[in-house]
Amino acid sequence: MKQFIAFVIKEAKHILRDKRTMLILFGMPVVMMLLFGFAISTDVKNVRTVVVTSEMSPRTQQAVERLAQSEYFIITQTVNTPKEAEHLIRSQKADIALVFTQNRGMQIMVDGSDPNMAQQWTNYARQIISAPNNSQFSILNSQLLYNPQMRSAYNFVPAIMGMLMMLICAMMTSISIVREKEKGTMEVLLVSPVRPLMVIIAKAVPYLVLAFGILVTILLMARFVLGVPLAGSLFWILAVSILYILLALSLGLLISNVAQTQLVALLMSAMVLLMPVVMLSGMLFPVESMPQVLQWLAALVPPRYYIEAMRKLMIMGVGISEVAREVTVMAGMTVVLLTIALKKFKQRLE
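Described in the following lines is the structure provided in the data block. This one's a predicted model, so the numbers in the text were calculated from it and none came from an experiment.

Overview of the packing of helix 1 (residues 2-17) against helix 6 (residues 153-183)
- Where helix 1 contacts helix 6, the axes come no closer than 13 Å and their chain directions differ by 95°. It follows from the interaxial angle that helix 1 and helix 6 lie roughly perpendicular. Two secondary-structure elements touch here, helix 1 through Lys 10, Glu 11 and His 14 and helix 6 through Ser 176, Arg 179, Glu 180 and Lys 183.
- Here the residues of the contact of helix 1 with helix 6 sort into no nonpolar, two polar and five charged.

Brief notes about the nonpolar core
- Membership of the largest hydrophobic core comes to 71 residues, with the highest contact counts inside it found for Met 161, Val 228 and Met 314.
- Ranked by the residues each element gives to this core, the list is headed by helix 6, at 20 residues.
- If near-sequence neighbours (up to four positions away) are discounted, Met 314 is found in contact with Val 157, Pro 158, Met 161, Leu 219, Val 228, Pro 229, Leu 230, Ala 231, Gly 232 and Ile 237.
- Among the nonpolar cores identified, the runner-up in size contains 17 residues, and Leu 98, Phe 100, Trp 121 and Ala 125 belong to it.

Digging into a nonpolar patch on the surface
- There is a patch of nonpolar side chains on the surface, built from Leu 34, Phe 212, Val 216, Leu 220, Phe 224, Val 225, Ile 242 and Leu 246 and spanning about 660 Å² of accessible area.
- Of all elements in the fold, only helix 8 (196-224) and helix 9 (234-258) reach the threshold of two or more residues within the nonpolar patch.
- Locating Phe 224 in the fold gives a position in helix 8.

Examining the layout of surface pockets
- A volume near 270 Å³ is recorded for the second largest pocket.
- Lining the second largest pocket are 16 residues, with Ile 201, Ala 204, Leu 246, Leu 249 and Leu 338 positioned closest to its centre.
- Those elements that place two or more of their residues in the lining of the second largest pocket are helix 6, helix 8, helix 9 and helix 13 (324-349).
- Top element by residues in the lining of the second largest pocket is helix 8. It accounts for seven residues.

A few points about the sheet that holds strand 3 (residues 96-100)
- Spatially, the four strands line up as an open sheet ordered 2-1-3-4, and their pairing is mixed. With partners counted over all chains shown, the strands left at the sheet margins are strand 2 (73-79) and strand 4 (106-110), one partner each. Taking the axes of each pair of neighbouring strands and ignoring which way they run, one obtains an average angle of 25° across the sheet.
- Alignment of strand 1 (residues 47-52) against strand 3, held across four bridges, turns out to be parallel. Pairing of Val 50 across the sheet is with Ala 97, part of strand 3.
- Here helix 3 (residues 58-69) sits on the sheet in contact with strand 1, strand 2 and strand 3, set at roughly 140° to strand 2.

Quick look at helix 1
- Between its first and last C-alpha, helix 1 extends 22 Å over 16 residues, near the 22 Å set by a 1.5 Å rise per residue.
- Inspection of helix 1 places Phe 4, Phe 7, Val 8, Glu 11 and Ile 15 among the buried residues, and these make up the whole buried set. For helix 1, the angular spread of the buried residues around the axis is 100°, confining them to a single face. Structural note: helix 1 exposes Lys 2, Leu 16 and Arg 17 on the side pointing more than 90 degrees away from its buried face.

Quick word on empty space enclosed by the protein
- On inspection of all chains with the given rule, the structure shows two cavities of 30 Å³ or more.
- Lining the second largest cavity are Ile 24, Met 28, Leu 167, Ile 168, Met 171 and Met 172.
- Among the elements of the structure, helix 2 (19-39) and helix 6 are those that each provide at least two residues to the lining of the second largest cavity.
- The leading source of residues in the lining of the second largest cavity is helix 6, at four residues.
- Taken together, the residues that form the lining of the second largest cavity break down as six nonpolar, no polar and no charged.

With respect to the pattern of salt bridges
- Using the criterion set out here, one finds six salt bridges in the structure.
- Here Glu 326 makes a salt bridge to Lys 312, at a shortest N to O gap of 3.0 Å. Remark: Lys 312 occurs in helix 12 (residues 302-316) and Glu 326 occurs in helix 13; sequence separation between them is 14 residues.
- When its relative accessible area of 1% is taken as the criterion, Glu 326 is described as buried.
- Between Glu 326 and Arg 325 there is a salt bridge whose closest N-O contact spans 3.5 Å.
- Connected through salt bridges with shared partners, the residues Arg 304, Glu 308, Lys 312, Arg 325 and Glu 326 form a single ionic network.

What counts as what
- Residues numbered from 1 in each chain as written.
- Predicted model: local features only at pLDDT ≥ 70, side-chain atom pairs only at ≥ 80, totals over all residues.
- Heavy atoms only, no water.
- Axes fitted to C-alpha atoms, helices over the stretch in contact; angles between N-to-C directions.
- Helix = DSSP H or I, 4+ residues; strand = E, 2+ residues; numbered from the N terminus.
- Parallel < 35°, antiparallel > 145°, perpendicular 65-115°, else oblique.
- Contact = heavy atoms within 4.5 Å.
- Nonpolar A, V, L, I, M, F, W, Y, C, P; charged D, E, K, R; others polar.
- Core = buried A, V, L, I, M, F, W, Y, C linked by side-chain atoms within 4.5 Å.
- Buried < 20%, exposed > 50% of the residue type's maximum accessible area, 1.4 Å probe, protein only.
- Patch = residues over 30% accessible without salt bridge, like charges linked within 9 Å, V, L, I, M, F, W, Y side chains within 5 Å.
- Areas by Shrake-Rupley, 256 points an atom, 1.4 Å probe, with all protein chains shown as cover.
- Salt bridge = Lys/Arg side-chain N within 4 Å of Asp/Glu carboxyl O.
- 1 Å grid on protein atoms, 1.4 Å probe; cavity = no way out; pocket = protein on both sides within 12 Å on 5 of 7 lines; lining within 4 Å.
- Points joined across faces, edges and corners; volume = space filled by probe spheres on them.
- Pairing = 2+ DSSP bridges.
- Expected span 1.5 Å × (residues − 1).
- Arc of directions from axis to C-beta.

Here it is, written out as C-alpha cells:
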C-alpha cells in the first residue's frame, strides 16, 4: 500500500511541476465557462420589431408596451399591412413583425434564415404577450418552466461540464501513460514490486482528484458567476459526475493502449472525442431532431447521457430516480471500457 501511495504522490508531483498541464487543466474550464456564459450566447436581445395594426386599441397598445419595456425587443416601426412588414424584414430593416387582428388574435412574422433564432424570437414574444396580466390574447397560452428568464447559460453549463470533463480526463490520462512509453520509463515501472494494474491506477488517481477539483470550480462559476441554479441534490450531482469522470478516465486508458506517441494520443483524443461531443451529444443541437443514423451514433457518445443527467439534476431539480437510465448507461460504458482497456494492457505485457 505504501508503494502504491508513493506512485500516486510521484505522479501528482509530476503533474504539479508541469505548468503547461496545470494551465490546460484549470485554464481551459475557466475560459470555456466565460466564453459560453457571456460571449457565445443565444440569449435574445434588441430584436428589431415591427407592429402591424390597422387601429391601436387599448389591448394592442398594452401588448406593444410590454414588448417595448422588455430588454428583448425594440419597436422600430408601426405599419398598416402585413405586406409592408414583410418588405421591411426582406430588406433587413426588421427581424420580426407582430400582426394584431381585431378578434384579439396575433400573427407572428419572422425572418427564418436562422431557424434557431427565429424560433427563440417567437417563443420570447409569445411569453411576454401571454403574461398573466395580459391574458386578453388568450390564443397565446404558455408557461415556461425551469428557465423563466430564458437564459442560454442554463443550457450551456451542463454541456460544457460534459465536454470538459471528457476531454481533460481522457486526453490527460492517455498522454500521461503514453509519455512513459516514449521515455522508456514504463518498463521500469512495470518491473517494480508494484503490480502493473496498480501502476495504471496510481497514474489515474491524481487525474481523478484534479478532475473533481475542476468540477467544483465549474459548479462554483456556474452558480456565482453565471447565475445558473443547482436546483437538485448537490450530493447526486457530485456522485453522477464522479461516475462520469471514471468513464472518461477509462476511455483515456483505452486510448493509451492504442497510441504509441503523445502526438498520436492527442490526435486520437481530439478526433474521437471533440467532434462527437460537440455535434452528437446534444450540446448544441437536439439529438431528437437529427437523422435516425446520427441518433444511433449519438447513443454511443458518453457525454450525451451526462449532459442529459446534469440538465435534469441541476436545472429541473429532479431526484436520482429520474436519471436512472443515464446513470445505468454510463456505468455500463465504464465497465466495458475499463475491461477492454485492462485486457489489452495485459496482452501488451505478455
